[in-house]
Amino acid sequence: MSLVSLKNKIRKRVEVEQYKQNYTDIGTFIKEKRKELDYTQDEICNGICSISYLSKIENNQIVPNDFYVKEILEKLDVEENVLSASLKEKQYLHDVLEATFYMNAAKMDQVYDDIKDIEHNVIINLCKLGYNVYYKLEAKNHYVMMLENLINNMTDFEIGMYLYFSSIYYIQLEKYKMALELALLYDSLRSKEEKLEALFYELSYLVKQRLLVKNSSNEDYAHAMTLFSKYHNVERVMFLALNKCYHLREENPKCALKILKTVKIDLLNKEMSDMYSYIKASSEYSLEKYKKAVITLNSINDQSKYYLRKMNLLYEICLIEEDYKTIEDIKKILVNVTPIDHEVSSKVYYHYLTQETNESKKEFLRDIAIPFSIQIE
């Protein structure tokens, strides 16, 4: 992806907004069709609805009653099925947004089952991109590059969804600067959807924390929390709170533990529950409560995304307590463990911990760790 090229495309798209050939807003379609046939609003709405109601429909200010839409389309001599496919595509994209917003895997799967065999369709490909980033299917995400060339044919909402999914894609590749650049492009769009905006605030907070741009991330965190709370999105509220604690676990472990007490543990899925345990143990470790940390880590099993991080923390505790027998046991366990889900950095850190002298640690940092950190920004 060329970031400069994408910026130029979006800038031109904002400056000269073009209508799509297949309208995704029923109101826009009716308005353009009425003007094309040289009908007044009064002629179209006569016997159906008021002029003010038709005006609201045409400006997409309301979701119109299906009965009125059918009657209006008949007056415009448009068969209902001409528009139905376009409207269904739009609904699929909104369903993908809902599934992403509420972390609803069942809804995401349902949408994908409906669209998986449909090809050569911009909105459907956007939905497939959303599905792929939801399940971290990086190898199948040719849609990021494919859709970049179709920006001029997208609505603001579709561009926003593209930018969000592409940002998540680059986060999964650990290209955080690229992800943030794409997220910032969302601000240039004139029309915004509140739930999508909340997801961008969350994304911006997470990436800025990762890039150590912490001061400017606080406002993003507050905005995201406000919007998630407005829509009673408990899962996202807890996810964001856990991520805040993750970044606080070393610099302010007491604050991290305080926030963790507000998290509803029984509502967490397995991955988030393991994240909770790791953060709590890390905070206890920072406060030198080593026994508590070990007990907390026991809930993380060897299939967890946080397993390597758990073992690294146990290794550090054993070094402090000079428990060399357990250290050897950990080495035997981890020697053949293959990192999962971007946990390579945890394996790199483990190898750093196993260096026995300061000189060997310096060499490892110079030859392995620092080049690796530059590669993942």
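Refer to the structure printed above.
The text that follows walks through the structure, step by step, so that each part is easy to find. The model shown is predicted, which means the values in this text are computed figures rather than measured ones.

Digging into a positive patch on the surface
Taken together, the side chains of Lys254, Lys261, Lys289 and Lys292 define a basic patch exposed on the protein surface. Inspection of the secondary structure assignment puts Lys254 in helix H15 (residues 253–260).

Side note on the nonpolar core
By size, the foremost hydrophobic cluster in this structure holds 92 residues, and its most contacted members are Tyr162, Leu163 and Leu242. Broken down by element, this core gets its largest block of residues, ten residues, from helix H10 (residues 156–172). Those residues in contact with Leu163 that lie beyond four places of it in its chain are Leu6, Ile10, Leu182, Leu185, Tyr186 and Phe200. Listed in part, the 14 residues of the second largest apolar core include Ile26, Ile30, Leu54 and Ile72.

Some details on unusual backbone geometry
Glycine aside, a negative phi is what most residues show, and trans is what most peptide bonds show. Phi is positive for His120, close to 60 degrees, though the residue is something other than glycine. Residue position: His120 is located in the loop between helix H7 (105–115) and helix H8 (122–134). One non-glycine residue, Glu322, lies in positive phi territory at about 55 degrees. For Glu322, the location among the structural elements is in the loop between helix H18 (307–321) and helix H19 (324–334). Among the residues examined, Glu322 registers a relative accessible area of 54% and is labelled exposed.

Some points on the pattern of salt bridges
Under the defined criterion, the tally for this structure stands at 15 salt bridges. Measuring nitrogen to oxygen at the nearest pair gives 2.7 Å for the salt bridge that ties Glu58 to Arg34. Within this pair, whereas Glu58 is found in helix H4 (residues 51–58), its partner Arg34 is found in helix H2 (residues 26–36), the two being separated by 24 residues in sequence. Arg34 matches Glu58 in its accessibility class, with the two residues each being buried. With a closest N to O distance of 3.6 Å, Lys305 and Glu271 form a salt bridge. Here Lys305 is found in the loop between helix H17 (290–297) and H18, whereas its partner Glu271 is found in helix H16 (residues 270–286), with 34 residues between them in sequence.

What about H4?
Residues of H4 that are buried: Leu54, Ile57 and Glu58. In a view along the axis of H4, the buried residues occupy a sector of 95 degrees, so they form one face of it. On the buried face of H4, the contacting elements are H2, helix H3 (41–45) and helix H5 (66–75). Of the residues one or two after H4, Asn60 is the one with positive phi, at around 55 degrees.

Brief notes about the packing of helix H14 (residues 234–248) against H15
Between H14 and H15, whose axes approach to 8 Å, the crossing angle comes to 160 degrees. When the axis of H14 is compared with that of H15, the two are roughly antiparallel. Helix-helix and strand crossings are classified by hand; for H14 and H15 the assignment is left-handed. Two secondary-structure elements touch here, H14 through Ala241, Leu242, Lys244, Cys245 and Leu248 and H15 through Pro253, Cys255, Ala256, Ile259 and Leu260. Its residues placed into classes, the contact of H14 with H15 shows nine nonpolar, no polar and one charged.

Criteria and thresholds
Residue indices begin from 1 for each chain and proceed along its sequence in written order. Per-residue local features are limited, in this predicted model, to residues with pLDDT of at least 70; the limit for side-chain atom pairs, both in listing and counting, is 80 or more; totals at the level of whole chains, interfaces and linings are taken over all residues. Hydrogens and water are ignored here; the side-chain numbers use all heavy atoms of the structure. Each patch groups residues whose relative accessible area exceeds 30% and which form no salt bridge, using 9 Å between like charges and 5 Å between nonpolar side chains of Val, Leu, Ile, Met, Phe, Trp and Tyr. Each accessible area value is a Shrake-Rupley result obtained with a 1.4 Å probe; residue values ignore everything except the protein chains displayed when judging cover. Any Lys or Arg side-chain nitrogen found within 4 Å of a carboxyl oxygen on Asp or Glu counts as a salt bridge. Under the convention used here, Asp and Glu are negative, Lys and Arg are positive, and both His and the chain ends fall outside the count. Charge positions are represented by NZ for Lys, CZ for Arg, CG for Asp and CD for Glu. By definition, any uninterrupted DSSP run of H or I lasting at least four residues is a helix, any uninterrupted run of E lasting at least two residues is a strand, and each is numbered from the N terminus. We call a set of buried Ala, Val, Leu, Ile, Met, Phe, Trp, Tyr and Cys residues a nonpolar core when their side-chain atoms join them within 4.5 Å. Buried residues are those whose accessible area, probed at 1.4 Å on protein chains only, stays under 20% of the maximum for their type, while exposed residues exceed 50% and partly exposed ones sit between those limits. The contact definition used throughout considers only heavy atoms, calling two residues in contact when any of these lie within 4.5 Å. By definition, the arc is the one covered by directions from the helix axis to the C-beta atoms. Orientation is described by axes fitted as lines to C-alpha atoms, over the contacting stretch for helices, and by angles from 0 to 180 degrees between their N-to-C directions. Here is the rule for angles: anything less than 35 degrees is roughly parallel, anything more than 145 is roughly antiparallel, 65 through 115 is roughly perpendicular, and the remaining ranges are oblique. Whether a crossing is left-handed or right-handed is set by the direction in which the near helix is turned from the far one by less than a right angle, anticlockwise for left-handed and clockwise for right-handed. Each residue gets one of three labels, nonpolar for Ala, Val, Leu, Ile, Met, Phe, Trp, Tyr, Cys and Pro, charged for Asp, Glu, Lys and Arg, and polar for the others, Gly among them.

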